[in-house]
Amino acid sequence: MTKVAGDPDNPMFQGYTCAKGRALPEIHNNPQRLLHSRKRQPDGTHTQIGSEQAMDEIAAKLQELISGYGPRSVAMYLGTNGLPYPASALMGNAFMRGIESPMFFTANTIDQPGKQIALAAHGHWLGGDVDFHEADSWMLIGTNPLVSKAIGIPGQNPSRSLRAATERGMKLIVVDPRRSQTAARAAIHLQPRPGEDVTILAGIINIIIANGWHDAAFVDENVSGFDDLARAVSGFTPAYVAERADLPEAQLLSAAELFATHGTKRGMVNAGTGANFAMHGNLVEYLCLCLTTICGRWQRAGEKVTRPNALLPAFTAKAQAHPPYEGWGYGERLRVRGLTDAVCGMPTAALADEILLEGDGQVKALICIGGNPMAAWPDQRKTHRALQSLELLVTLDTEMSLTSRLADYVIAPMMQMETPAMTMGSELIKYYTSGTGIPAAYAQYTPRLVDPPPGSDLIEEWKFFLGLTKRMDLELWFVNFFGGGGGKFMESPPIVLQMTGDTELSTEELFEQMCATSRIPLDEVRRHPHGAIFDVDAVVQERDADNTARLDVGNGYMLAELATVLDEEAEGARGDAAFPFRLIPRRHPNFMNSSGTALAALNRGKPYNPVYMHPDSAAELGLRPGSSVLVTSRHDCVPAVLEADDSVRLDVVAMHHAFGGLPDEDDEFRAHGTNVGRLVSTEVDYDPITGLPRQGNIAVRIAPLGQG
Ligand SMILES: Nc1nc2c(c(=O)[nH]1)N[C@H]1C(S)=C(S)[C@@H](COP(=O)(O)OP(=O)(O)OC[C@H]3O[C@@H](n4cnc5c(=O)[nH]c(N)nc54)[C@H](O)[C@@H]3O)O[C@H]1N2
Ligand SMILES: Nc1nc2c(c(=O)[nH]1)N[C@H]1C(S)=C(S)[C@@H](COP(=O)(O)OP(=O)(O)OC[C@H]3O[C@@H](n4cnc5c(=O)[nH]c(N)nc54)[C@H](O)[C@@H]3O)O[C@H]1N2
Ligand SMILES: [Mo]
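Procedures and definitions
- Residues numbered from 1 in each chain as written.
- Chains lettered and ligands numbered in written order.
- Predicted model: local features only at pLDDT ≥ 70, side-chain atom pairs only at ≥ 80, totals over all residues.
- Heavy atoms only, no water.
- UniProt positions renumbered as here; feature names shortened; annotations may be inferred.
- Helix = DSSP H or I, 4+ residues; strand = E, 2+ residues; numbered from the N terminus.
- Rg over C-alpha atoms; globule rule 2.2 N^0.38 Å.
- Buried < 20%, exposed > 50% of the residue type's maximum accessible area, 1.4 Å probe, protein only.
- Contact = heavy atoms within 4.5 Å.
- Areas by Shrake-Rupley, 256 points an atom, 1.4 Å probe, with all protein chains shown as cover.
- Lys, Arg positive; Asp, Glu negative; His and termini not counted.
- Charge placed at Lys NZ, Arg CZ, Asp CG, Glu CD.
- Near = heavy atom within 4 Å.
- Polar contact = N/O pair within 3.5 Å; in protein donor to acceptor, adjacent residues only side chain to side chain.
- Nonpolar A, V, L, I, M, F, W, Y, C, P; charged D, E, K, R; others polar.
- Phe/Tyr/Trp six-rings, centres within 6.5 Å; stacked < 30°, edge-to-face > 60°.
- Lys NZ or Arg CZ within 6 Å of the ring centre and 35° of its normal.
- Domains from an automatic or database assignment.
- Buried area = accessible area lost by both parts, 1.4 Å probe.
- Salt bridge = Lys/Arg side-chain N within 4 Å of Asp/Glu carboxyl O.
- Pairing = 2+ DSSP bridges.
- Axes fitted to C-alpha atoms, helices over the stretch in contact; angles between N-to-C directions.
- Parallel < 35°, antiparallel > 145°, perpendicular 65-115°, else oblique.
- Left-handed = near helix turned anticlockwise from the far one by under 90°.

- The protein chain is annotated in an unreviewed UniProt entry as Molybdopterin-binding oxidoreductase from Mycolicibacterium poriferae.
- Recorded in UniProt under Sequence similarities (unreviewed entry), the annotation for the protein chain is "Belongs to the prokaryotic molybdopterin-containing oxidoreductase family."

Written out as structure tokens, the structure is:
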């Protein structure tokens with residue numbers, strides 16, 4: 001493999017690639033890439049081990065732990081790089097159910113678990129999302145899709161989509177304390193204090209209701225709780241919100257009016273990690289749904305279906321509600337902070353505690369698939385203690401990541417171009433939240449393109465779990481839907497597959513089974529090597545005659561939380577002279593969390609993540625750009641490199657996450673960057689349902705290194 005180029009004949013991407021995709025040759029040929037699995041020796045070094053031998057040893061150890069301490073002693077963590085491999089997450093999850101351990105965790109609960117919590121409280125609209133490509137207005141809160149491709153603007157070619165929309169007359173409204181790449185192209189950019197998104201959303205809803213700009217007919221027919229919502233937001237007056245969020249009141253009023261009244265085919269409101277990490281993430285997401293719903297911003301009967309399935313089973317989109325359902329407080333109970341399983345999956349921020357806390361149920365073994373806890377989990381020191389104390393840590397990773405360095409076994413998997421790929425997972429994403437997914441009946445299948453490097457011993461991830469299944473004599477069943485962290489709603493019943501250790505299947509054959517009920521048969525999809533959009537004429541049907549379900553904008557739990565926000569002091573006013581800045585998250589176009597940060601082709605000679613600070617603030621502190629600083633939160637401190645950036649507010653600093661070394665390697669921060677998770681406590685500010693800690697709007701001070 002020498003070069004990756006965009007495919008102009010691909011109807012969805014139209015020749016678009018991102019920097020990370022273009023670097024796939026360097027990623028595959030990276031000299032740091034693991035070509036063999038590794039085993040940790042008593043002195044802490046790692047030596048090569050055959051994959052069959054590794055599976056023998058891991059299966060034996062797991063069996064020993066399960067018989068000694070019970071299945072709950074084995075946990076699994078699925079990170080972001082499980083997602084490119086459709087069979088991997090399914091098999092991992094099936095394996096956990098096979099051993100009867102409830103301890104299956106994903107990155108979702110340190111991401112935006114409020115999205116699924118909010119959908120459970122609000123219900124789903126079965127007509128689906130409005131299409132960005134047709135909308136006249138759109139609101140984005142704490143998300144930067146031109147870089148992240150995550151939500152709102154379709155990620156398949158976001159810059160082109162936004163340009164086309166703007167030329168059509170669409171008005172984009174962005175709420176972001178930083179003039180992000182997306183905010184720079186908005187009709188209105190609200191640049192508030194971080195952490196005031198609930199305040200702003202409640203204020204905008206209040207303005208819209210007060211002016212009668214909501215869709216009264218839609219509300220009348222499909223919504224319950226409207227009066228409760230109206231009452232709950234009434235205290236969020238324009239003057240109060242403007243003062244508290246530090247925004248011009250006139251700009252807030254214009255944003256509400258533009259969103260509610262501009263054009264004829266109006267769009268939705270979506271939030272991203274920035275808004276979700278600053279506390280009250282469930283409520284942020286719930287208010288986004290409420291705003292969308294009271295303005296009637298869903299596809300209606302007779303309109304086209306924005307996200308029809310292709311490799312997932314067919315469904316009939318209907319102009320009706322699927323009612324709210326139980327979203328939290330059930331299932332497995334964690335032993336800390338009163339947390340439980342929920343629609344978003346198990347609270348990952350509590351997994352380190354479950355490893356450290358002795359007693360019945362203590363987690364003794366952890367298997368990580370394509371994730372990097374040491375780089376990405378909150379409270380890096382606690383994570384470090386936890387991972388070191390495990391009796392068995394296994395990572396499936398392509399390199400000796402920070403986490404792999406602590407692992408007893410590192411299983412070296414095949415990579416994207418060495419395994420077949422299909423787009424079913426990209427379709428599934430729409431069940432996580434509205435505003436994301438593929439806006440067409442698009443599907444693509446790509447066969448294996450290259451052989452694994454000669455002399456290597458690489459395993460397809462799902463086959464690692466098949467190998468354990470055989471050795472542990474298990475019987476597995478799995479469903480073509482992420483077992484945890486994917487919400488609990490899907491229009492059509494999932495297909496269930498069964499497997500024993502003796503099952504002989506290629507990945508290609510497994511894909512065929514996963515696609516047995518696909519709307520577009522896999523064979524048909526394979527006939528289109530450039531990918532294809534299969535139809536454009538699926539239409540939302542009328543509501544069923546006997547349907548009386550309603551979307552709920554008056555959920556008691558959510559509105560009670562809203563009342564506490566009104567009571568609490570303004571985040572900014574809560575200012576603490578000892579911590580004058582607020583640290584916010586942002587993402588880098590060239591890295592996917594920790595992936596790629598060490599690769600020269602992607603970091604272009606800058607292997608660290610700076611602290612971005614407004615030049616005027618730096619000057620006031622007497623800090624020179626490029627100088628070394630100490631970033632101190634109430635929880636911990638980390639060294640970093642200062643960089644001037646006039647796109648952030650004067651009282652804000654921004655950093656990319658998932659950089660840095662182990663806690664005792666801080667001296668080398670210019671070589672590997674700074675771990676932001678170190679500044680985060682999991683026990684002070686956290687969501688009582690999801691356990692998500694404050695990963696944004698973190699109070700910090702910045703001082704020259706050596707004087708912090
Ligand atoms: N402070 C702070 N913390 C955060 C965030 C933040 O913004 N700020 N963001 C949060 C979010 S949104 C997320 S999703 C999580 C991410 O948390 P994780 O998913 O745990 O972290 P990643 O860095 O994405 O882990 C990816 C791992 O996959 C490995 N890898 C790369 N390619 C492959 C492959 O082909 N196969 C396999 N098996 N492995 C591969 C990489 O080497 C790396 O170790 O972090 C969260 N943590
Ligand atoms: N290139 C690239 N793409 C990625 C990733 C990556 O690491 N790199 N990661 C992937 C993952 S795992 C995820 S979850 C998605 C996330 O995708 P996004 O949610 O879009 O994440 P960001 O790009 O960090 O954008 C967050 C924005 O929120 C702003 N912000 C920070 N704090 C606040 C606040 O308190 N309020 C408001 N209103 N805004 C705030 C930041 O300035 C930033 O512009 O991206 C995915 N895509
Ligand atoms: Mo994420």
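Moving on, there is more to tell.
Considering the overall build of the protein chain
(1) Moving on: Along the protein chain, the regular secondary structure elements total 25 helices and 29 strands.
(2) Moving on: In summary, the protein chain has a C-alpha radius of gyration of 25 Å against a globular reference of 27 Å for 708 residues, a match within 12%.
(3) Moving on: Taken along the three principal axes of its C-alpha coordinates, the protein chain extends 70 × 65 × 50 Å.
(4) Moving on: A total of 708 residues make up the protein chain; the buried ones form 60% of that total.
(5) Moving on: If you take every contact in the protein chain between residues at least 6 apart in sequence, the share linking residues at least 24 apart comes to 78%.
(6) Moving on: With an accessible surface of roughly 25,800 Å², the protein chain has 49% of that area assigned to carbon and sulfur atoms.
(7) Moving on: The average position of the 61 basic charges and that of the 84 acidic charges among the side chains of the protein chain differ by 4 Å.

With respect to the site of ligand 1
(1) Moving on: Neighbouring residues of ligand 1: 28 residues in total, closest Thr80, Tyr85, Asp397, Glu461 and Ser594.
(2) Moving on: Take Ala376: an N or O atom from its main chain is 2.8 Å from a nitrogen atom of ligand 1.
(3) Moving on: Take Asp397: an N or O atom from its side chain is 2.6 Å from an oxygen atom of ligand 1.
(4) Moving on: Its free accessible area being 920 Å², ligand 1 has 96% of it covered by the protein chains.
(5) Moving on: Within the shell around ligand 1, the residues separate by chemical class into ten nonpolar, 13 polar and five charged.

Considerations on the packing of aromatic side chains
(1) Moving on: For the coordinates displayed, the defined rule picks out nine aromatic pairs.
(2) Moving on: Ring centres 5.9 Å apart and planes at 80° place the aromatic pair Phe236 and Tyr240 in the edge-to-face group.
(3) Moving on: Taken together, the aromatic side chains of Phe95, Phe464 and Phe465 make up a single cluster linked through ring pairs.
(4) Moving on: Its end group placed over the ring of Trp477, Arg97 keeps NZ or CZ at 4.1 Å from the ring centre.
(5) Moving on: Sitting above the plane of the Tyr69 ring, Lys364 keeps its charged end 4.3 Å from the centroid.

Details of the site of ligand 2
(1) Moving on: Surveying the vicinity of ligand 2 reveals 31 residues, the closest of which are Thr143, Ser148, Asp176, Asp197 and Phe591.
(2) Moving on: Take Thr143: an N or O atom from its side chain is 2.7 Å from an oxygen atom of ligand 2.
(3) Moving on: In this structure, an oxygen atom belonging to ligand 2 sits 3.5 Å away from a main-chain N or O atom of Gly274.
(4) Moving on: Contact with the protein chains covers 95% of the free accessible surface of ligand 2, which is 930 Å².
(5) Moving on: Breaking the shell around ligand 2 down by element, the ones donating at least two residues are helix 6 (145–148), helix 13 (273–276) and strand 24 (581–585).
(6) Moving on: Here the shell around ligand 2 is built from residues that sort into twelve nonpolar, twelve polar and seven charged.
(7) Moving on: Per-domain counts for the shell around ligand 2 show at least three residues from each of domain 2 (114–323 + 554–559) and domain 3 (578–704).

What to know about the domain arrangement of the protein chain
Often, the extent of an interface is quoted as the loss of accessible area upon association of its parts.
(1) Moving on: Annotation of the protein chain at the domain level lists domain 1 (32–110 + 344–533), domain 2 (114–323 + 554–559) and domain 3 (578–704).
(2) Moving on: Using only C-alpha atoms to locate each centre, domain 1 and domain 3 end up separated by 29 Å.
(3) Moving on: Opposite the 21 residues of domain 1 that make contact, domain 3 presents 23 residues.
(4) Moving on: At the boundary of domain 1 with domain 3, total buried surface from both sides reaches about 1,900 Å², with 50% on carbon and sulfur atoms.
(5) Moving on: The three residues of domain 1 that bury the most area against domain 3 are Asp379, Gln380 and Arg381, which together make up 28% of that side's buried surface.
(6) Moving on: Here domain 1 is connected to domain 3 by three salt bridges.
(7) Moving on: A salt bridge links Arg405 to Glu665, with the shortest nitrogen-to-oxygen separation between them at 2.4 Å.
(8) Moving on: When residues of the side of domain 1 that touches domain 3 are traced back to their parent elements, those giving at least two are helix 16 (373–376) and helix 17 (380–389).
(9) Moving on: Residue contributions to the side of domain 1 that touches domain 3 peak at four residues, all from helix 17.

Structural notes on the sheet that holds strand 2 (residues 46–49)
(1) Moving on: With respect to topology, seven strands assemble into an open sheet ordered 2-1-16-15-14-3-4, the strand pairing being mixed. Both edges of this open sheet fall to strand 2 and strand 4 (104–106), since each of them pairs with a single strand only. Here the average twist between neighbouring strands, direction ignored, is 20°.
(2) Moving on: As paired elements, strand 14 (residues 365–369) and strand 15 (residues 392–396) share five bridges and run parallel to each other.

Considering unusual backbone geometry
(1) Moving on: With a phi angle near 65°, Ala658 is a residue other than glycine that sits in the positive phi range.
(2) Moving on: By the secondary structure assignment, Ala658 is in the loop between strand 28 (652–655) and helix 25 (669–672).
(3) Moving on: According to the relative accessible area criterion, Ala658 is buried, its value standing at 3%.
(4) Moving on: With a phi close to 50°, Asn697 is a non-glycine residue in the positive phi region.
(5) Moving on: Tracing the sequence through the fold places Asn697 in the loop between helix 25 and strand 29 (698–704).

Some details on the pattern of salt bridges
(1) Moving on: Under the definition given, this model contains 39 salt bridges.
(2) Moving on: A salt bridge links Lys61 to Glu64, with the nearest nitrogen and oxygen atoms 3.5 Å apart. Of this pair, Lys61 and Glu64 both sit in helix 3 (residues 51–69), three residues apart, which is roughly one turn of the helix.
(3) Moving on: By relative accessible area, Glu64 is classed as partly exposed at 48%.
(4) Moving on: A salt bridge links Glu524 to Arg527; the nearest nitrogen and oxygen atoms lie 2.8 Å apart.
(5) Moving on: When its relative accessible area of 59% is taken as the criterion, Arg527 is described as exposed.

Some words on the sheet that holds strand 10 (residues 269–271)
(1) Moving on: The four strands lie next to each other as 8-7-6-10, forming an open sheet whose pairing is parallel. Every other strand in the sheet has two partners, leaving strand 8 (188–190) and strand 10 as the edge strands with one partner each. Mean inter-strand twist for the sheet, computed between neighbouring axes without regard to direction, equals 15°.
(2) Moving on: Bridging between strand 6 (residues 137–141) and strand 7 (residues 171–175) involves five bridges; their strand directions are parallel. Within the sheet, the bridge partner assigned to Met139 lies in strand 7 and is Ile173.

A few points about the UniProt feature "domain: 4Fe-4S Mo/W bis-MGD-type" (unreviewed entry) in the protein chain
(1) Moving on: As recorded in UniProt, the sites labelled "domain: 4Fe-4S Mo/W bis-MGD-type" (unreviewed entry) are residues 1–32.
(2) Moving on: Secondary structure across residues 1–32 divides into 31% helix and 0% strand, with the first and last C-alpha atoms of the span separated by 17 Å.

Examining the packing of helix 8 (residues 197–210) against helix 11 (residues 238–245)
(1) Moving on: Taken N-terminus to C-terminus, the directions of helix 8 and helix 11 make an angle of 160°; their axes are 9 Å apart at the nearest point. Comparing the axis directions of helix 8 and helix 11 gives the class roughly antiparallel. When you trace helix 8 past helix 11, the crossing you get is left-handed. Within the contact between the two elements, helix 8 uses Thr199, Ile200, Gly203 and Ile207 and helix 11 uses Pro238, Tyr240, Val241, Arg244 and Ala245.
(2) Moving on: In terms of residue class, the contact of helix 8 with helix 11 is built from six nonpolar, two polar and one charged.

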